[in-house]
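Reading the structure
Next come the chains, spelled out residue by residue.
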Amino acid sequence: MASQLASLNQWVEETARLTQADSVHWCTGSEDELAALRAGMLESGELIALNAETHPNCFLHRSNPNDVARVEHLTFVCTAEREDAGPNNHWMAPAEAHAKVDGLFAGCMKGRTLYVVPYCMGPIDAPLSRCGVEITDSPYVVLNMQLMTRMGSAALARIEREGRFVKGLHSIGELDPDRRFIMHFPEELTIKSFGSGYGGNALLGKKCHALRIASWQARQEGWLAEHMLIVGVENPRGETHYVAAAFPSACGKTNLAMLIPPEGYRSNGWKVWTVGDDICWMQPGKDGRLWAINPEAGFFGVAPGTAANTNPNALDMLGRDAIFTNVGVNADGQPWWEGLPGEPALDWQGRPYDPANGPAAHPNARFTVSAKQCASYTDAAESASGVPISAIVFGGRRPSLVPLVFEARDWAHGVLVGASMGSETTAAATGAVGVMRRDSMAMKPFCGYNFGDYFAHWLSFDKPGAKLPKIFHVNWFRKGADGKFLWPGFGENLRVLEWMLARVEGRVGAVETPIGMLPATADLGTQGLEFPAHRMRELLEVDLDGWRAEAVQIGEYLAGFGARTPERLHAEQKQLLARIDRASTAALPRVANG
Ligand code: OXD
Ligand code: MN
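These numbers were taken from a predicted model, which means no experiment stands behind them.

**Focus on the domain arrangement of the protein**
Taken as a whole, the protein is organised into domain 1 (2-47 + 72-222), domain 2 (229-296 + 382-586) and domain 3 (298-373). Here the C-alpha centre of domain 3 lies 27 Å away from the C-alpha centre of domain 1. Taken together, the contacts link ten residues of domain 1 with ten residues of domain 3. Counting each side, the surface lost to burial between domain 1 and domain 3 is near 840 Å², with a carbon and sulfur contribution of 66%.

**A closer look at empty space enclosed by the protein**
For the structure on display, the rule yields three cavities of 30 Å³ or more. Here the largest cavity defines a volume of roughly 150 Å³. Around the largest cavity, the lining is made up of 16 residues, and of these F406, V417, S420, W547 and I554 lie nearest the centre. Among the secondary structure elements, those contributing two or more residues to the lining of the largest cavity are α12 (411-419) and α16 (544-559). When grouped by side-chain class, the residues that make up the lining of the largest cavity number nine nonpolar, four polar and three charged. Approximately 50 Å³ is the volume attributed to the second largest cavity. What lines the second largest cavity is V233, E234, N235, E239, H241, W270, L501, A502, E505 and R507. Within the residue set of the lining of the second largest cavity, elements represented by two or more residues are β13 (228-234) and α14 (494-504). A class-by-class count of the residues in the lining of the second largest cavity yields four nonpolar, two polar and four charged.

**Points about the coordination of the manganese ion (ligand 2)**
Protein coordination at the manganese ion (ligand 2): the donors are K207 (NZ), H227 (NE2) and D278 (OD), at 2.2 Å from the metal. As a motif over one chain, the donors of the manganese ion (ligand 2) read K-x19-H-x50-D. A residue pair is termed long-range when its members are at least 10 positions apart, and H227 in the loop between β12 (224-226) and β13 and D278 in the loop between β15 (271-276) and β16 (280-284) qualify at 51 residues. Using a relative accessible area of 0% as the deciding quantity, one classes H227 as buried.

**Focus: the sheet that holds strand β2 (residues 48-49)**
The sheet built from five strands is open, its strands ordered β2-β3-β19-β22-β18 with mixed pairing. Strands at the two margins of the open sheet, each flanked by one partner only, are β2 and β18 (298-302).

**Looking at the packing of aromatic side chains**
By the definition in use, this model includes 21 aromatic pairs. Arranged with centres 6.1 Å apart and planes meeting at 45°, the rings of W11 and F165 form a pair that is tilted. Note that W11 is positioned in helix α1 (residues 6-19) and F165 in the loop between α6 (153-162) and β9 (166-171), a separation of 154 residues in sequence. In this pair, the class of W11 matches that of F165, namely buried. For the pair Y454 and F455, a centre-to-centre distance of 6.1 Å together with 55° between the ring planes defines the contact as tilted. Here Y454 and F455 have matching classes, each one buried.

**With respect to the site of ligand 1**
Taken together, the neighbourhood of ligand 1 is formed by R70, K206, K207, H227, S249, D278, R366, A428 and F446. The contact in question runs from an oxygen atom of ligand 1 to an N or O atom on the side chain of H227, over 3.3 Å. One nitrogen or oxygen atom from the side chain of D278 is found 3.2 Å from an oxygen atom belonging to ligand 1. Burial of ligand 1 by the protein chains amounts to 95% of its free accessible area of 210 Å². One can see that ligand 1 is located within the largest pocket. Of the residues belonging to the shell around ligand 1, the class tally is two nonpolar, two polar and five charged.

**Structural notes on the packing of helix α2 (residues 31-44) against helix α5 (residues 139-148)**
At a closest axis distance of 10 Å, the pairing of α2 and α5 adopts a crossing angle of 140°. Comparing the axis directions of α2 and α5 gives the class oblique. Considering how the two elements wind past one another, α2 and α5 form a crossing that is left-handed. Residues L34, L37, R38 and M41 of α2 form the contact with α5, whose participating residues are P139, Y140, V142, L143 and Q146.

**Examining the packing of α16 against helix α17 (residues 567-587)**
It is the contact of α16 with α17, at a shortest axis distance of 10 Å, that shows an interaxial angle of 165°. Overall, the two elements α16 and α17 adopt an arrangement that is roughly antiparallel. By crossing handedness, the relation of α16 to α17 is classed as left-handed. Seen from α16, the contacting residues are L544, W547, R548, A551, V552, I554, G555, L558 and A559; seen from α17, they are L569, H570, Q573, L576, L577, I580, D581, A583 and S584. Tallied by class, residues from the contact of α16 with α17 come to twelve nonpolar, four polar and two charged.

**A look at the nonpolar core**
In this structure, W281, F324, I392, F394 and W458 are the most contacted members of the largest nonpolar core, which totals 148 residues. For F394, the contacting residues outside a window of four places in its chain are M228, A246, G414, V417, G418, M421, M441, W458, I471, F472, H473 and V474. With 30 residues, the next largest nonpolar core counts L8, M92, C120 and I135 among its residues.

**Here we look at α14**
The element α14 is extensively covered by neighbouring structure, given that nine of its eleven residues are classed as buried. Among the residues making up α14, those that are buried are L494, R495, V496, L497, W499, M500, L501, A502 and R503. Following α14 by one or two positions, G506 has its phi on the positive side, about 70°.

Conventions used here
Residues numbered from 1 in each chain as written. Chains lettered and ligands numbered in written order. Predicted model: local features only at pLDDT ≥ 70, side-chain atom pairs only at ≥ 80, totals over all residues. Heavy atoms only, no water. Domains from an automatic or database assignment. Contact = heavy atoms within 4.5 Å. Buried area = accessible area lost by both parts, 1.4 Å probe. 1 Å grid on protein atoms, 1.4 Å probe; cavity = no way out; pocket = protein on both sides within 12 Å on 5 of 7 lines; lining within 4 Å. Points joined across faces, edges and corners; volume = space filled by probe spheres on them. Helix = DSSP H or I, 4+ residues; strand = E, 2+ residues; numbered from the N terminus. Nonpolar A, V, L, I, M, F, W, Y, C, P; charged D, E, K, R; others polar. Donors = N, O, S within 2.8 Å, 3.2 Å for Na, K, Ca; no water. Buried < 20%, exposed > 50% of the residue type's maximum accessible area, 1.4 Å probe, protein only. Pairing = 2+ DSSP bridges. Phe/Tyr/Trp six-rings, centres within 6.5 Å; stacked < 30°, edge-to-face > 60°. Near = heavy atom within 4 Å. Polar contact = N/O pair within 3.5 Å; in protein donor to acceptor, adjacent residues only side chain to side chain. Areas by Shrake-Rupley, 256 points an atom, 1.4 Å probe, with all protein chains shown as cover. Sits in = over half its atoms within 2 Å of the grid points. Axes fitted to C-alpha atoms, helices over the stretch in contact; angles between N-to-C directions. Parallel < 35°, antiparallel > 145°, perpendicular 65-115°, else oblique. Left-handed = near helix turned anticlockwise from the far one by under 90°. Core = buried A, V, L, I, M, F, W, Y, C linked by side-chain atoms within 4.5 Å.

Structure follows, in structure tokens:
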């Protein structure tokens, strides 16, 4: 018997029978186990060793070129009632989904090892952490799960103690896009993923468990599972505020989580602490505040664009013990991607680099690395009680209309702000890049249930005794008439965080507008930046005609979730429209009497 838990053994045995795996290996997470896995993969070519002098213990994995991103069109939420999955998800009836995918799993591990990967999402002793077991036939998945979660014996011990875990079954199958499905069964706390080795589809602890299944559990149990980074901002007085921020995939969450303060701020004593870069679980504490943990133990970040001027912390942590997926390689055998100095020798498919074939690194090329290697990672991230959240930030890529920053009037308005978030699509998912789509709370691809119910769940946190964080919206991506970004972004974003936290502490005023509270131009620190006043005015401009059209579209979007959208949210949208109309009327030139 491999575990003290009969239900776990039984599931592993049944799965080994169904998949006809050659052998079964229970992962402990030991160094010897990992070394043996790496050795096997180096031999089979699944891993390629990188320059051991410049990048000790770093490896490259080249995926199948047809398998480089999440596949939202093949991702299903399989609830008994279609309405429970909602229009925000692809739905399949559970019996049909099981039958379809079990047919694919039958015999799929012949000649392969079945790995049993027990893992814990969150610090091993945190009450809010939740455990799962992933069965996979991919050693690449095992190595990545070891970096991204608390994997192995300690997790198994917690699972045996609790007797409860999320079941995740994964096989790379034949990597055939026509035989690829990522199925979620929230009512059964089960995931079945077939035909892809890509992170978001295959590392089941991440998007599948920690967001889709966890969001479902969170609703039942009164907490929140969100697509958010968590960052600590320490001011020169030594006080640290924690901020949770939701942005759609590939909009700079990792960069914001690891931000290095601009020079003047650094010398004044500002520090930034990384808790997490992608997922945040939050729960009201006894004190009424929201307390958050990062369920992950590593970073699975987008490599291209990670450079000394955008994210030096990330670059520094990638010099050892990291896995790179679909990056290029330079003549020295070092990993290479667009944004780094020097020249690539090979592209992500292993071909001699030729610009005619496109970029050297795939635009969604990734690194996987333990969070502990990040210089700004804080011990607070390992705390069982989590960190208290002072501010929640929503943001997206909006080339026009949306100002650099605004504050929601209160929690319910903040829920509307999050629900109506929009952004241009990026390379993290297959499909067209650069198309504007609504992405409520950056959870469109990740909410495991009907968005209407999700909005109601968010609203439900506003109750007597709650000391909820302030909610803000930011847009680092607004462009000027010349088509260039108006805001420098990256480390300079601390200037915007500084204003938000001054608001949290009640130390600075704000300008009330129909869409929320904006900073007075003089209150956003621009010392040390070359920043003409007209640029700040453009960044903070609220165009009432544009916002009226936006508010109408938001109303239509909310209506798309039918009766599940809470009345309270409709009322917020109507109030937004009414405020815009009042302000527009007030702004009309007055016609003289007579
Ligand atoms: C990710 C994503 O990989 O959001 O984090 O796609
Ligand atoms: Mn993400």
